[in-house]
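# Tertiary structure, described
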Amino acid sequence: MIALQFAIGALNDIVDAPADIGRLPPKPIASGAVSMRQGRMVVAVAVLAGLGLAATTSVGVVGLAALVLAVGGAYDLRAKGTAWSWLPFAVGIPLLPVFGWYGVSGSLPAFFGALLPMAILAGAALAIANASADIELDLAAGRRSAATRLGPTAAWQLQAMLWVVVGAVATGWLARAGSAAPWIIAVGASAIALVAIVWLAHDGSPARRRRAWELEAVAVAVALVAWLGGVLSSA
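Residues numbered from 1 in each chain as written. Predicted model: local features only at pLDDT ≥ 70, side-chain atom pairs only at ≥ 80, totals over all residues. Heavy atoms only, no water.

## What about helix α11 (residues 206–233)?
Selection criterion: Think of it this way: any DSSP run of H or I at least four residues long counts as a helix, any run of E at least two long counts as a strand, and we number them from the N terminus. By definition here, a helix of n residues has an expected span of 1.5 Å times n minus one. Accessible area is worked out with a 1.4 Å probe on protein chains only. A residue is then buried under 20% of its type maximum, exposed over 50%, and partly exposed in between.
Taking 1.5 Å of rise per residue, the 28 residues of α11 would be expected to cover 40 Å, and the 41 Å separating its terminal C-alpha atoms lies within 8% of that figure. Where α11 is concerned, the buried positions are Arg 209, Ala 212, Glu 216, Ala 219, Val 220, Ala 223, Ala 226, Trp 227, Gly 229, Gly 230 and Val 231.

## Examining the side chain of Ser 190
Convention followed: Note on definitions: a residue-residue contact is assigned when non-hydrogen atoms from the two residues lie within 4.5 Å.
Looking at the secondary structure, you find Ser 190 in helix α10 (residues 181–201). With residues near it in sequence (within four places) discarded, Ser 190 still touches Ala 219, Val 222 and Ala 223.

## Re the packing of aromatic side chains
This is how it is decided: Ring pairs are drawn from Phe, Tyr and Trp, using the six-membered ring of Trp, whenever the two centres fall within 6.5 Å, and their geometry is named by plane angle: stacked under 30 degrees, edge-to-face over 60, tilted for the rest.
By the definition in use, this model includes nine aromatic pairs. Plain terms: the ring middles of Phe 111 and Trp 227 are 5.8 Å apart, the flat faces sit at 70 degrees to each other, and that makes the pair edge-to-face. With Phe 111 in the loop between α5 (86–105) and α6 (112–133) and Trp 227 in helix α11, the pair connects residues that are 116 residues apart, well separated along the chain. When sorted by exposure, Phe 111 lands in the same class as Trp 227, which is buried. Joined through ring pairs, the aromatic side chains of Trp 101, Phe 111, Phe 112, Trp 173 and Trp 227 make up one cluster.

## What about the confidence of the model for the protein?
This is how it is decided: In predicted models, pLDDT denotes the confidence assigned by the predictor to each residue on a 0 to 100 scale.
Looking at the protein as a whole, its pLDDT mean stands at 90, while 100% of the residues score no less than 70. The weakest mean pLDDT in the protein belongs to helix α7 (residues 135–141) at 74; the strongest belongs to helix α3 (residues 36–55) at 97.

## With respect to the environment of Ala 90
Residue position: Ala 90 is located in helix α5. In this structure, the C-alpha to C-alpha distance between Ala 90 and Leu 116, residues 26 residues apart in sequence, is 9.9 Å. Excluding residues that lie within four positions of it along the chain, Ala 90 makes contacts with Ala 119, Ile 120, Gly 123 and Ala 124.

## A few points about the packing of helix α9 (residues 152–177) against α11
Note the threshold: What counts as an axis is a line fitted to C-alpha atoms, over the stretch in contact for a helix, and the angles between N-to-C directions run from 0 to 180 degrees. Each angle is binned into one of four classes, with values under 35 degrees roughly parallel, values over 145 roughly antiparallel, values of 65 to 115 roughly perpendicular, and all other values oblique. Note on convention: near helix rotated counterclockwise from far helix by under a right angle means a left-handed crossing. Clockwise means right-handed. Gly counts as polar in this scheme, as do all residues outside two lists: the nonpolar Ala, Val, Leu, Ile, Met, Phe, Trp, Tyr, Cys and Pro, and the charged Asp, Glu, Lys and Arg.
Here α9 crosses α11 at 15 degrees, and the two axes come no closer than 10 Å. What the angle tells us is that α9 and α11 run roughly parallel. Between α9 and α11 lies a crossing whose hand is left-handed. Across the interface between the two elements, Gln 159, Trp 163, Ala 170, Trp 173 and Leu 174 of α9 pack against Glu 216, Val 220, Trp 227, Gly 230 and Val 231 of α11. Here the residues of the contact of α9 with α11 sort into seven nonpolar, two polar and one charged.

## A closer look at the nonpolar core
To keep things clear, this is the line we draw: Here, the term nonpolar core denotes a set of buried Ala, Val, Leu, Ile, Met, Phe, Trp, Tyr and Cys residues that are joined through side-chain atoms within 4.5 Å.
Counting 42 residues, the largest nonpolar core has Trp 163 and Trp 227 as the members making the most contacts within it. Only α1 (2–20), α3, α4 (59–79), α5, α6, α9, α10 and α11 provide two or more residues apiece to this core. For this core, the element with the most residues is α6, which contributes nine residues. Those residues in contact with Trp 163 that sit more than four places away from it in its chain are Ala 122, Ala 125, Leu 126, Ala 191, Leu 194, Val 195, Val 198, Glu 216 and Val 220. Counting residues in hydrophobic clusters, the runner-up holds six residues, among them Ala 10, Leu 11, Ile 14 and Val 43.

## Side note on the pattern of salt bridges
Any two side chains of opposite charge can pair if their charged atoms end up close together. Note the threshold: Salt bridges are counted wherever a side-chain nitrogen of Lys or Arg sits within 4 Å of a carboxyl oxygen of Asp or Glu.
Applying the stated criterion across every chain yields a total of four salt bridges. For Lys 27, the salt bridge goes to Asp 20, with nearest N and O atoms at 3.8 Å. Just as Lys 27 is buried, Asp 20 falls in that class too. The network of salt bridges with common partners includes Asp 13, Asp 20 and Lys 27.

## Digging into the environment of Glu 214
Structurally, Glu 214 is set in helix α11. For Glu 214, a relative accessible area of 42% corresponds to the partly exposed category.

## What about the environment of Ile 135?
Structurally, Ile 135 is set in helix α7. Exposure remark for Ile 135: the relative accessible area of 8% places this residue in the buried category. Separated by 46 residues in the primary sequence, Ile 135 and Ala 181 have C-alpha atoms spaced 40 Å apart. Once residues lying within four places of it in the same chain are set aside, the contact partners of Ile 135 are Ala 147, Thr 148, Pro 152 and Arg 209.

## So, a nonpolar patch on the surface
Rule in force here: Residues forming no salt bridge and having over 30% relative accessible area are the ones grouped into patches, like charges within 9 Å of each other and nonpolar side chains (Val, Leu, Ile, Met, Phe, Trp, Tyr) within 5 Å. Surface exposure here means Shrake-Rupley accessible area, sampled with a 1.4 Å probe, where a residue is shielded only by the protein chains that are shown.
The grouping of Ile 2, Phe 6 and Val 42 at the surface amounts to a nonpolar patch, some 320 Å² of accessible area in total. Looking at the secondary structure, you find Phe 6 in helix α1. A residue is classified by how much of its surface remains accessible, and Phe 6, at 52% relative accessible area, is exposed.

Here's what the structure looks like:
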């Protein structure tokens with residue numbers, strides 16, 4: 001998965017290089033620190049490494065790896081800069097736990113019935129947060145995104161609403177499953193932190209919104225670990 005994400009990230013920088021010239025902080029290809037040829041080599045090597053490692057597990061994992069690449073490539077090449085930029089995130093984020101769990105066990109447990117819808121909503125929220133961080137650059141470059149389409153106010157309001165729904169579903173599932181209170185509290189605290197991050201950053205500078213997007217990604221990872229801990233402890 002690390003290799004697959006390297007491939008997707010490098011392709012993203014290749015596609016964005018012309019528009020990223022002069023951006024602060026500078027990006028590798030646009031600044032000249034990495035050549036376009038080197039960027040393409042990273043993509044090719046990372047794709048081969050990711051698919052090759054997946055092939056040591058099973059055909060199903062290779063299929064999932066290919067789907068991850070397809071979704072990431074669709075974002076880089078088509079969806080980014082459009083009002084549909086959130087969709088690959090909403091589809092791609094749920095693929096991450098599916099890839100990991102299926103790769104280990106060869107099947108998916110029942111609680112994925114709750115995890116996948118939450119991951120879809122979380123992916124959409126993270127996509128909006130990412131677009132909100134770059135809204136000024138996108139407007140200046142004439143690019144469209146979920147944030148430019150919604151507008152700054154509606155973008156942060158929708159983010160907050162999505163995190164509230166994710167938090168409610170996550171804590172409700174744990175409570176219904178009889179999970180221990182510390183796990184429920186940890187998940188609930190993570191959801192509150194996500195809403196607070198969105199609230200505190202919504203009218204801040206671009207740098208502040210970029211940091212908020214990074215913090216949201218960390219908080220989601222913490223919430224996921226806590227939620228899985230609660231689910232497994234109640235099994």
